[in-house]
Amino acid sequence: MDYNTMRHFADSWGLLGMFLFFLFVVLFAFRPGSKQAADAAKAIPFKDENND
């Protein structure tokens, strides 16, 4: 593949692929039930702290 072919592929299909990935990530983050998973994940660093 030469440079122009790769450039054309990246300009068209690469942009579409990145947009679909972005859309998937956004929909995954705002899916029903993700709040519980996010709350559990944000508490991980404080799991071993003592409350003295």
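Just so we're clear, the structure is a prediction, and the values are computed from it rather than from any experiment. (Residues numbered from 1 in each chain as written. Predicted model: local features only at pLDDT ≥ 70, side-chain atom pairs only at ≥ 80, totals over all residues. Heavy atoms only, no water.)

1. Here's the deal with the packing of aromatic side chains
A full pass over the atoms with the stated rule returns one aromatic pair. Over the face of the ring belonging to Phe28 we find Arg31, whose NZ or CZ atom lies 4.1 Å from the ring centre. (Phe/Tyr/Trp six-rings, centres within 6.5 Å; stacked < 30°, edge-to-face > 60°. Lys NZ or Arg CZ within 6 Å of the ring centre and 35° of its normal.)

2. Focus: the side chain of Ser34
With respect to the helices and strands, Ser34 occurs in helix α2 (residues 34-42). The residues contacting Ser34, other than those within four sequence positions of it, are Phe28 and Ala29. (Helix = DSSP H or I, 4+ residues; strand = E, 2+ residues; numbered from the N terminus. Contact = heavy atoms within 4.5 Å.)

3. Quick look at a nonpolar patch on the surface
A cluster of nonpolar side chains, namely Phe9, Trp13, Leu16, Phe19, Leu20, Phe22, Leu23, Val26, Leu27 and Phe30, defines an oily patch on the protein surface of about 1100 Å² accessible area. Mapped onto the elements of the fold, Phe30 is located in the loop between α1 (3-29) and α2. Among the residues examined, Phe30 registers a relative accessible area of 69% and is labelled exposed. (Patch = residues over 30% accessible without salt bridge, like charges linked within 9 Å, V, L, I, M, F, W, Y side chains within 5 Å. Areas by Shrake-Rupley, 256 points an atom, 1.4 Å probe, with all protein chains shown as cover. Salt bridge = Lys/Arg side-chain N within 4 Å of Asp/Glu carboxyl O. Buried < 20%, exposed > 50% of the residue type's maximum accessible area, 1.4 Å probe, protein only.)

4. Digging into the environment of Phe22
Relative to the elements of secondary structure, Phe22 occurs in helix α1. The sequence separation of Phe22 and Tyr3 amounts to 19 residues, and the corresponding C-alpha distance is 26 Å.

5. A look at the pattern of salt bridges
Under the defined criterion, the tally for this structure stands at three salt bridges. Salt-bridge contacts for Asp11 lead to Arg7; the nearest nitrogen and oxygen are separated by 3.4 Å. Of the two residues, Asp11 and Arg7 are both situated in helix α1; the distance of four residues between them amounts to about one turn of the helix. The class for Asp11 is partly exposed, based on a relative accessible area of 45%. Its salt-bridge partner being Lys35, residue Asp39 comes within 3.5 Å of it at the nearest N-O pair. Of the two residues, Asp39 and Lys35 both sit in helix α2, four residues apart, roughly one turn of that helix. Residue Asp39 is classed as partly exposed on the basis of its relative accessible area, which comes to 30%. Residue classification places Lys35 among the exposed residues on the basis of a relative accessible area of 57%. One salt-bridge network, held together by shared partners, links Lys35, Asp39 and Lys42.

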